[in-house]
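Notes for the structure review
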Amino acid sequence: FLQISDDIATGPYASFVPESVPQAHRGRASGVLGMLQLVAQIVAVAVGLTLGDVAKVYLAAAAVNLICAAITLFSLPDDPPISAA
């Protein structure tokens with residue numbers, strides 16, 4: 001369930017880059033997004049090894065996903081997409 005919910009959120013979140021970043025800066029913005037996703041995976045492994053208990057790991061991952069989703073929903077503006085021109 002955690003993996004499915006994470007996968008469902010990743011697509012729309014990744015589509016935010018081309019919708020909100022001017023075309024000249026999309027490569028850098030996409031690279032930063034990819035780097036942050038990789039850093040998050042490394043941190044998640046470190047936290048998982050620290051917590052040890054599988055139930056605690058899943059609860060921590062779910063809590064982080066919910067907190068970050070709430071931050072994203074309430075902090076990103078709902079502006080129309082940048083035109084392709």
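Residues numbered from 1 in each chain as written. Predicted model: local features only at pLDDT ≥ 70, side-chain atom pairs only at ≥ 80, totals over all residues. Heavy atoms only, no water.

Focus on the overall build of the chain
Helix and strand counts for the chain come out as 4 helices and 0 strands. Each helix (α) and strand (β) of the chain, taken in turn from the N terminus, gives the series α-α-α-α. Total accessible area computed for the chain in this model is approximately 6800 Å², and 71% of it derives from carbon and sulfur atoms. (Helix = DSSP H or I, 4+ residues; strand = E, 2+ residues; numbered from the N terminus. Areas by Shrake-Rupley, 256 points an atom, 1.4 Å probe, with all protein chains shown as cover.)

Describing helix H3 (residues 26–51)
The terminal C-alpha atoms of H3 lie 37 Å apart, and with 26 residues this matches the ideal 38 Å at 1.5 Å per residue to within 8%. Gly52 sits one or two positions beyond H3 and adopts a positive phi of about 80°. (Expected span 1.5 Å × (residues − 1).)

Topic: the environment of Val47
Along the chain, Val47 falls in helix H3. Taking the C-alpha atoms as reference, Val47 lies 7.6 Å from Val57; in sequence the two are 10 residues apart.

A word on the environment of Ser75
Among the structural elements, Ser75 can be located in helix H4 (residues 54–75). A residue is classified by how much of its surface remains accessible, and Ser75, at 48% relative accessible area, is partly exposed. Among the polar contacts listed, one links the side chain of Ser75 to the backbone oxygen of Ile71, at a separation of 2.5 Å. (Buried < 20%, exposed > 50% of the residue type's maximum accessible area, 1.4 Å probe, protein only. Polar contact = N/O pair within 3.5 Å; in protein donor to acceptor, adjacent residues only side chain to side chain.)

Things to note about the confidence of the model for the chain
Per-residue pLDDT for the chain averages 79, and the proportion of residues at 70 or more is 88%. Mean pLDDT values over the elements of the chain span from 72, in helix H1 (residues 2–14), up to 85, in H3. (pLDDT = per-residue confidence, 0-100.)

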